[in-house]
Amino acid sequence: MSGILIKDCLILPMTGREPRCYRGSIGIVDDRIAFVSEDPVLGERFRQEQGKDVREIDGRGRLVMPGFINIHNHAAMTLMRSYADDIPLMRWLNDYIWPFEAKLTRDDVRLGTELAVAEMLLGGTTTFVDMYWRQEAVGEVVERTGIRAVLSATFTDAQFADFEKDLALLLERYADGRHPRIQLMLSPHAVYSCSKEHLLQAKELRERYGFGVNIHVSETKDEQRMIRERYGMTPVQYLDSLELLDARTLAVHCVYVDEQDIEILKRRGVSVAYNPQSNMKISSGIAPVVKMMSAGVNVGIGTDGPCSNNDLDMWDEIRSGSFLQKVASEDPCVVPAYELLRMATVCGAKAIGREADLGQIKAGMVADLQIIDLRKPHFYPQHDVVANLVYCAKSSDVDTVIVNGEILVEGGRLRRFDLPTLLADVQQRVEEIVRR
Ligand SMILES: [Zn+2]
């Protein structure tokens with residue numbers, strides 16, 4: 001049994017609809033939070049019970065909150081970060097991204113994911129939902145690095161055979177909670193890239209294995225127009241007609257959804273991934289997050305892939321997400337600071353079916369935490385610590401990250417990585433990929 005005691009810290013547990021932040025201690029035993037309390041006596045008792053094996057963390061000047069849940073990512077695309085920017089979407093895909101991707105091997109995906117995981121952990125992300133090819137290689141990285149992930153076996157019509165192989169490997173290794181940090185989803189890439197037959201096959205697999213479905217929906221105006229022409233419906237209506245929408249569905253983007261679409265998303269209990277920086281960078285549009293949330297749709301936050309963002313910094317993402325909604329609604333009151341933090345924690349946990357044990361600091365929940373160092377000029381004065389976090393924090397303020405009860409980042413340094421070697425390997429590899 002291994003214990004961690006975080007003493008005398010500010011705690012933002014994310015347990016209520018309204019912000020509450022207090023000074024106290026947190027005890028962790030193995031992978032779970034054992035206690036959270038304002039009473040220093042409990043902390044001392046925990047220390048004595050745990051004996052000499054307890055690891056103490058001095059929380060003075062620091063704030064502890066749940067780790068972020070990045071609900072939409074294509075992690076291995078770090079390899080294409082800043083390879084092609086400021087180019088119209090279809091030219092970007094046809095001339096740069098797809099030709100580069102066609103050259104990627106399994107080991108390239110592994111290396112790109114490793115780089116992404118290093119970046120995410122350093123910025124306080126403890127769980128990510130990945131959508132990409134060769135998820136079994138991504139699983140290998142997740143196992144080795146200690147982060148938590150949802151692996152989504154991904155397909156388009158062109159890659160259906162590879163998907164079936166990938167899925168078989170994922171099932172063998174990770175089905176039925178075989179790995180404590182890995183869960184599975186199915187990911188048809190989008191309604192425009194997957195035929196009706198393949199989407200129905202995904203539905204069958206979902207029923208057989210009880211998976212959630214993770215799919216890009218209504219990202220661009222072009223997609224909306226194309227699906228209307230092809231099926232006479234919006235992408236949301238089309239997916240609903242195939243009975244692919246339910247509480248296990250994660251609809252990514254939903255930039256172009258009308259009132260009727262939002263009503264369907266709510267009725268089916270679908271969660272939505274809001275990716276503000278990607279939507280801005282590739283000029284997709286602005287998701288009607290305020291409307292979706294007021295209709296009662298669960299909305300979490302994702303960075304999307306690192307070459308349409310171009311980083312995996314959730315602190316940056318929540319701030320952009322907030323500002324974008326304020327400017328779009330011409331109302332500074334919409335999506336207040338605490339709501340953004342809920343989207344990146346509690347709502348993210350709900351989107352992956354883990355609201356019962358992830359995304360909050362509460363006894364019995366999984367110990368996935370980040371500790372923010374508040375001893376920085378941009379955090380002072382402390383009129384409102386929640387507003388300071390959302391409007392001022394940077395990923396470099398993250399001091400310590402704990403996943404599943406294990407300290408993975410300490411003093412801003414990764415414990416399971418040799419970072420200089422990883423960075424050198426990535427640079428050498430991408431130069432070689434470009435020459436292939
Ligand atoms: Zn995406």
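Being a predicted model, the structure only gives us computed values, none of them experimental.

K.L.:
Kindly report on the overall build of the chain, identifying the contributing residues and their values.
P.N.:
Summing up its helical and strand segments, the chain has 16 helices and 17 strands in all. Taken over C-alpha atoms, the radius of gyration comes to 21 Å for the chain, in line with the 22 Å a tight globule of 436 residues would show. Principal axes of the C-alpha set define a box for the chain whose edges measure 65 × 50 × 45 Å.

K.L.:
I'd like a rundown of the domain arrangement of the chain, residues and numbers included.
P.N.:
Segmenting the chain into domains produces domain 1 (3-66 + 366-414) and domain 2 (68-351). Distance between the C-alpha centres of domain 1 and domain 2: 29 Å. Of all elements in the fold, only helix H15 (385-392), strand E15 (398-403) and strand E16 (406-410) reach the threshold of two or more residues within the side of domain 1 that touches domain 2. When residues in the side of domain 1 that touches domain 2 are grouped by element, the largest group, five residues, is from H15. A breakdown of the residues in the side of domain 1 that touches domain 2 according to their chemical character gives 15 nonpolar, three polar and four charged.

K.L.:
If you had to explain helix H12 (residues 314-329) to someone new, which residues and values would you point to?
P.N.:
The end-to-end C-alpha separation of H12 is 22 Å, in line with the 22 Å expected for 16 residues at 1.5 Å each. Those residues of H12 lying buried are Met314, Trp315, Glu317, Ile318, Arg319, Ser320, Gly321, Ser322 and Gln325.

K.L.:
How would you summarise helix H16 (residues 419-435) if you had to cite specific residues and measurements?
P.N.:
Helix length check: H16 (17 residues) gives 25 Å between terminal C-alpha atoms against 24 Å at 1.5 Å per residue, within 8%. Little of H16 is tucked away, with zero of its 17 residues classed as buried.

K.L.:
Explain the sheet that holds strand E13 (residues 298-301) residue by residue, including any values.
P.N.:
What the eight strands build is an open sheet, ordered E6-E7-E8-E9-E10-E11-E12-E13; its pairing is parallel. Edge positions in the sheet fall to strand E6 (68-73) and E13, since each of these pairs with one other strand and no more. Shown here is a sheet whose adjacent strand axes are inclined to one another by a mean of 25 degrees, direction ignored. With two bridges connecting them, strand E9 (residues 182-188) and strand E10 (residues 212-217) associate as parallel partners. Following the sheet pairing, Met185 is matched in E10 by Gly212.

K.L.:
Any chance you could break down the nonpolar core for me, citing the residues and the numbers?
P.N.:
Ranked by size, the top nonpolar core spans 128 residues in total, and within it Val64, Leu121, Ala251, Val272, Met292, Val299 and Ala344 carry the most contacts. A total of nine residues in this core trace back to one element, the largest contributor, which is helix H3 (residues 106-122). Shared between two domains, this core takes at least three residues from each, and those domains are domain 1 (3-66 + 366-414) and domain 2 (68-351). If we ignore the near neighbours within four places in the chain, the residues touching Val272 are Ala251, Cys254, Leu265, Met292, Val297 and Val299.

K.L.:
Break down the packing of H12 against helix H13 (residues 337-344) for me, with residues and values.
P.N.:
Packed helix pairs are characterised by how far apart their axes lie and by the angle those axes make with each other. Direction vectors running N to C along H12 and H13 enclose 130 degrees, while the axes themselves pass 10 Å from each other. If you check the angle between H12 and H13, you find them oblique. At the point where H12 passes H13, the crossing takes the right-handed sense. Two secondary-structure elements touch here, H12 through Met314, Ile318, Gly321 and Ser322 and H13 through Leu340, Leu341 and Ala344. Here the residues of the contact of H12 with H13 sort into five nonpolar, two polar and no charged.

K.L.:
Can you break down the packing of H3 against H16 residue by residue, with the values?
P.N.:
Axis separation between H3 and H16 bottoms out at 10 Å; the angle between their running directions is 140 degrees. Comparing the axis directions of H3 and H16 gives the class oblique. When the axes of H3 and H16 are compared, the crossing they make is left-handed. Contacts between H3 and H16 involve Asp108, Leu111, Glu114, Leu115 and Ala118 on the former and, on the latter, Leu419, Leu422, Asp425, Val426, Arg429 and Ile433. Class assignment of the residues belonging to the contact of H3 with H16 gives a composition of seven nonpolar, no polar and four charged.

K.L.:
Report on unusual backbone geometry, specifying residues and quantitative values.
P.N.:
Cis geometry marks the peptide bond from Asn309 to Asn310, where omega comes out at 5 degrees. Tracing the sequence through the fold places Asn310 in the loop between E13 and H12. Across the junction of Tyr380 and Pro381, the peptide omega takes the value -5 degrees, indicating a cis bond. Phi is positive for Asp86, which is not a glycine, with a value near 60 degrees. Tracing the backbone through its elements, the reader meets Asp86 in the loop between E6 and helix H2 (89-102).

K.L.:
If you had to explain the pairing of strand E2 (residues 22-29) to someone new, which residues and values would you point to?
P.N.:
In the sheet, strand E1 (residues 3-11) pairs with E2 via seven bridges, with the strands oriented antiparallel. Each bridged residue has a counterpart across the sheet, and for Cys9 the counterpart in E2 is Gly24. By the bridge criterion, five bridges tie E2 to strand E3 (residues 32-37) in an arrangement that is antiparallel. Residue pairing across strands places Ile26 opposite Val36, the latter belonging to E3.

K.L.:
Could you give an account of the environment of Cys392, with specific residues and numbers?
P.N.:
Looking at where Cys392 falls in the secondary structure, it is placed in helix H15. Judged by C-beta crowding, with 15 C-beta atoms within 10 Å, Cys392 ranks as partly exposed. Residues Cys392 and Phe379, spaced 13 residues apart in sequence, show a C-alpha to C-alpha distance of 6.9 Å. Look past the residues within four positions of Cys392 in its chain and what remains in contact with it is His378 and Phe379.

Criteria and thresholds
Residues numbered from 1 in each chain as written. Predicted model: local features only at pLDDT ≥ 70, side-chain atom pairs only at ≥ 80, totals over all residues. Helix = DSSP H or I, 4+ residues; strand = E, 2+ residues; numbered from the N terminus. Rg over C-alpha atoms; globule rule 2.2 N^0.38 Å. Domains from an automatic or database assignment. Nonpolar A, V, L, I, M, F, W, Y, C, P; charged D, E, K, R; others polar. Expected span 1.5 Å × (residues − 1). Buried ≥ 20, exposed ≤ 12 C-beta atoms within 10 Å, placed from the backbone. Pairing = 2+ DSSP bridges. Axes fitted to C-alpha atoms, helices over the stretch in contact; angles between N-to-C directions. Core = buried A, V, L, I, M, F, W, Y, C linked by C-beta atoms within 7 Å. Contact = placed C-beta atoms within 7 Å. Parallel < 35°, antiparallel > 145°, perpendicular 65-115°, else oblique. Left-handed = near helix turned anticlockwise from the far one by under 90°.

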